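# Coordinates in review
If you want the building blocks of each chain, they are given just below.
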Amino acid sequence: MSQQSLSSLSNEVSSERYKRIFQKFASVEKNGEKFMAKDDFVNAIAPGEDYTKLQKAQYGILFSVADQSKSGVLSMSDFTVFENLLTRPDADYEIAFRLFDTAGSGKITREQFKQILSANIGTDAIPFDFECEWLKLYTGGKTAAHEMPYKEFTQLLKGLQAERLRQAFKYYDTQTSGYITPDEFKKIMIDIAGHKLSDHVLENLPTLSNVYAGNKISFANVMAFYNVIREMDMVERVVRSAVSTSKDGTITKADFLHTAAKETRFSLFTPMEADIIFHFAGLENASGKLTLRDFFRLLESKWEHAAPVAAAQQPEIKHGAVHDFLKGSYGFLLGSISGAVGATVVYPIDLVKTRMQNQRSKVVGELLYKNSIDCFKKVVKNEGALGLYRGLGPQLVGVAPEKAIKLTMNDLVRRNLTDKNGNISFTAELIAGGVAGGSQVVFTNPLEIVKIRLQVAGEAAKSLDAPRPGAVAIVRNLGILGLYKGASACLLRDIPFSAIYFPVYAHLKKDVFKEGPDHRLAISELLIAGAAAGMPAAYFTTPADVIKTRLQVEAKKGQSSYNGIRDAARKIYAEEGFRAFFKGGPARIFRSSPQFGTTLMVYEVLQRAFPFDGATDSANKALAQVGAPAEDLSYLQSKNALKILLDVHYKFGIVPSNVSIPGVARA
């Protein structure tokens, strides 16, 4: 799609969005035409605002900018012009300039600046010295006044906060000692940056005095804190970069400074600024190794980046049936490959497990293997190394549908049992896992019985000096119904296995490795979570696996035959004791645990190496920039437009009703 087409699409989408919002909120009607009153306007640009950090009156400031005719109401044209203004990259500075330029001359005088600033910071704020040398550098003195055009005024606004900070420190430091109290520091920072900081930081501002010896705060401390606030975007960039290269998702102060040195041409953060960043981010984590979540506690969450939010709220690009089919096939293929790798890696252990479970200890001359290690050695000696992989073919054929059905059903049931807040009960997790395990049996039971008979065929052929049957011969001998022999036992094993495995896996990722929106698990963490979850699931379902194996293996002469689960359980217990139910248990753990861990690890690697939509990412990002965002984008843009005014004073626009502000209409 060409840049010109994207621009045209953007304009059309924006016009429709402005019209939709205006029609929704405009409540005044004159001569058949709708208009917005001030309250309508505020409701339109700040839907859902709780007015805790930002007051309604502060959003009302923007109404005076939109109401160019000063009529007290806005037409559709006025609203469209204002919304278009918000899309400008310098909208916050442009709005501030229009508020201070009360004469509409395109320039701001010293008196205009003084009048608007005094009226908006209120009488209870720390007074500003309008005769300071700093202001004279921008506006000139009384005898040689200088009017500021737009771009000069923006530079004044950028430096105003630092000057107010200097004057406020001097105001409290009456003894010129270079120190103020923690409470005085808190008052200054609330005035200067109360709108930017989270409640977590605001409540703990006085604790800055604990960073260094003494119970007072120096001017250097104050300026360092101010510099951190000003460079918070860079702080986030450095932190994200450092965390992305960390093995455990945590970083130290040294990691932060090292990454900052690599990310910037010149040294950006001083050691004192790093101390302050880690002090406030680590108030609830004294280890010195902080996560991304710890750093998110620094800033007020309302201040977000406009671009990511806009992109996140784009309507999904609709795809056709072919795309959906290809995407489904892509997931099926990756699941098949990863499942096949996982199965191949642990298959020798699975064969040993099956041989051990099928061994009848009460039959004379039947005790071929002393333990799993002895079994492994004898298989290699009697059948060769390839004997460890007998029956692997059917297993690989079954991996694809097994993994696809199991994972799909678990996700489907979990999604339907999850509430609107994204929470799911433990019982629902058990149900989802159980359904996933039960649904796979229709495919896995036939493949399991063929695999098991191939696995035990080697030892039978060796002892009887008979030819080994192939998979086709076994299927022909069993018939359709025979392929589902032991299906009840298979259900008895697979349902509890998945009911244990999936909830344990989910909680290991969430509670142990802290997976979340801001923490993507490393491959090693996924491997460990998958392997650890497989241990209890495999061991506790071993009795059902033993019964299933006995039912599916063809009994030899002199061996007991079984008629169902109860009969098998009764005879195994009577002939071999309770311990027989856990034969092959260790081998089952050593097989299932690494198999699931390996499968998930390979799946993640394949997804990252061969992303399905990788070829269309650029086009989607371009469309995301011009798509039709929801009304929330207007809300975000409106908040961001107030940033510069709030930097002037956090209560800008909240003044007593008896104070008149030039150029600002009152409700």
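What counts as what
Residues numbered from 1 in each chain as written. Predicted model: local features only at pLDDT ≥ 70, side-chain atom pairs only at ≥ 80, totals over all residues. Heavy atoms only, no water. Helix = DSSP H or I, 4+ residues; strand = E, 2+ residues; numbered from the N terminus. Areas by Shrake-Rupley, 256 points an atom, 1.4 Å probe, with all protein chains shown as cover. Buried < 20%, exposed > 50% of the residue type's maximum accessible area, 1.4 Å probe, protein only. Core = buried A, V, L, I, M, F, W, Y, C linked by side-chain atoms within 4.5 Å. UniProt positions renumbered as here; feature names shortened; annotations may be inferred. Axes fitted to C-alpha atoms, helices over the stretch in contact; angles between N-to-C directions. Parallel < 35°, antiparallel > 145°, perpendicular 65-115°, else oblique. Contact = heavy atoms within 4.5 Å. Nonpolar A, V, L, I, M, F, W, Y, C, P; charged D, E, K, R; others polar. Salt bridge = Lys/Arg side-chain N within 4 Å of Asp/Glu carboxyl O. pLDDT = per-residue confidence, 0-100. Polar contact = N/O pair within 3.5 Å; in protein donor to acceptor, adjacent residues only side chain to side chain. Patch = residues over 30% accessible without salt bridge, like charges linked within 9 Å, V, L, I, M, F, W, Y side chains within 5 Å. Phe/Tyr/Trp six-rings, centres within 6.5 Å; stacked < 30°, edge-to-face > 60°. Lys NZ or Arg CZ within 6 Å of the ring centre and 35° of its normal. Expected span 1.5 Å × (residues − 1). Arc of directions from axis to C-beta. Lys, Arg positive; Asp, Glu negative; His and termini not counted.

### Quick word on the overall build of the chain
- Of the regular secondary structure elements, the chain holds 30 helices and six strands.
- Accessible surface for the chain amounts to roughly 33,300 Å². Of this, 58% is attributable to carbon and sulfur atoms.

### Structural notes on helix 5 (residues 91-100)
- Helix 5 sits mainly inside the fold: eight of its 10 residues count as buried.
- Within helix 5, the full set of buried residues consists of A91, D92, E94, I95, A96, F97, L99 and F100.

### Quick notes on the nonpolar core
- Of all hydrophobic cores here, the largest spans 51 residues; its most connected members are M36, F41, I95, F100, F113, F153 and L645.
- With six residues, helix 3 (residues 56-66) is the single largest residue contributor to this core.
- Formed by 44 residues, the second largest nonpolar core is a distinct cluster that contains Y172, V238, I276 and F295.

### Points about the UniProt feature "domain: EF-hand" (unreviewed entry) in the chain
- Under the UniProt annotation, "domain: EF-hand" (unreviewed entry) lies at residues 88-123 and 160-195.
- For residues 88-123, helix accounts for 61% and strand for 6%, while the C-alpha atoms at its two ends are 34 Å apart.

### Let's talk about the packing of helix 12 (residues 232-244) against helix 13 (residues 253-263)
- Where helix 12 meets helix 13, the axes come as close as 9 Å, and the angle between the chain directions of the two elements is 110°. Between helix 12 and helix 13, the angle is such that the two are roughly perpendicular. From helix 12, V235, R237, V238, V239, S241 and A242 reach across to helix 13, where they touch D255, F256, T259, A260 and E263.
- Looking at the contact of helix 12 with helix 13, its residues break down into six nonpolar, two polar and three charged.

### Overview of the pattern of salt bridges
- With the rule as written, the count across this model stands at 21 salt bridges.
- K289 serves as the salt-bridge partner of D248, at 3.2 Å between the closest nitrogen and oxygen. Residue D248 is located in the loop between helix 12 and helix 13, and its partner K289 is located in the loop between helix 14 (271-281) and helix 15 (292-295); the two are separated by 41 residues in the primary sequence.
- Accessibility expressed as a relative area gives 39% for K289, which makes it partly exposed.
- For K583, the salt bridge goes to E576, with nearest N and O atoms at 2.9 Å.
- Bridged by salt links that share partners, the residues R88, D90, E94 and R98 form one connected network.

### Some remarks on the confidence of the model for the chain
- Confidence in the prediction for the chain averages 79 pLDDT; 82% of positions are at 70 or higher.
- Note on residues 302-317: pLDDT under 50 across the span, and 39 contacts to partners over four residues away in sequence or across chains.
- Every residue in residues 656-667 scores below 50 in pLDDT, and together they form 21 contacts with partners more than four places removed in sequence or on other chains.

### What about the environment of T80?
- With respect to the secondary-structure elements, T80 resides in helix 4 (residues 76-86).
- Relative accessible area serves as the criterion here: at 27%, T80 is assigned to the partly exposed category.
- Separated by 62 residues in the primary sequence, T80 and Y18 have C-alpha atoms spaced 6.1 Å apart.
- Looking at T80, its side chain comes within polar contact range of the main-chain oxygen of M76, at 2.9 Å.

### So, a nonpolar patch on the surface
- Taken together, the side chains of L333, I337, V341 and V345 present a nonpolar region at the surface, about 310 Å² in accessible area.
- Mapped onto the elements, I337 comes out in helix 17 (residues 321-358).
- Under the relative-accessibility criterion, I337 is labelled partly exposed at 36%.

### Some thoughts on the packing of aromatic side chains
- Per the stated rule, a full pass over the model turns up 26 aromatic pairs.
- With a centroid separation of 5.2 Å and an interplanar angle of 80°, the aromatic rings of Y171 and Y172 are classed as edge-to-face.
- Judged by its relative accessible area of 45%, Y171 is partly exposed.
- Look at Y539 and F540: their rings are 6.1 Å apart centre to centre, the planes differ by 70°, and that puts the pair in the edge-to-face class.
- On the basis of relative accessibility, which here comes to 60%, the residue F540 falls in the exposed class.
- Grouping aromatic residues by their ring pairs yields a cluster made of F97, F100, F113, F128, F130, Y150, F153 and F652.
- Above the face of the F35 ring, K30 is positioned so that its terminal group lies 5.8 Å from the ring centre.

### Some details on helix 12
- The terminal C-alpha atoms of helix 12, which comprises 13 residues, lie 18 Å apart, in line with the 18 Å expected from a rise of 1.5 Å per residue.
- Those residues of helix 12 that fall on the buried side of the exposure criterion are M232, M234, V235, V238, V239, A242 and V243. For helix 12, the angular spread of the buried residues around the axis is 160°, confining them to a single face. Pointing more than 90 degrees away from the buried face of helix 12 are the exposed residues D233 and S244.

### Some remarks on the environment of N210
- Structurally, N210 can be placed in the loop between helix 10 (199-203) and strand 6 (217-218).
- A relative accessible area of 58% places N210 in the exposed class.
- Here the alpha-carbon distance between N210 and H279, two residues 69 residues apart in the chain, equals 9.1 Å.

### Focus on unusual backbone geometry
- Positive phi, close to 55°, is recorded for N31, a residue that is not glycine.
- One can find N31 in the loop between strand 1 (28-30) and strand 2 (33-35).
- Judged by its relative accessible area of 85%, N31 is exposed.
- One non-glycine residue, T176, lies in positive phi territory at about 50°.
- As for its position among the elements, T176 is in the loop between helix 8 (150-172) and strand 5 (179-180).

### A word on the side chain of E273
- The topology assignment puts E273 in helix 14.
- Put simply, E273 is tucked away with no salt bridge, and the nearest opposite charge, on R230, sits 10.0 Å away.

### What to know about the environment of A168
- Locating A168 in the fold gives a position in helix 8.
- Relative accessible area serves as the criterion here: at 4%, A168 is assigned to the buried category.
- Spatially, the C-alpha atoms of A168 and P127 are 8.1 Å apart, while their sequence positions differ by 41 residues.
- When sequence neighbours within four positions are dropped, the list of residues in contact with A168 reads I126 and I188.

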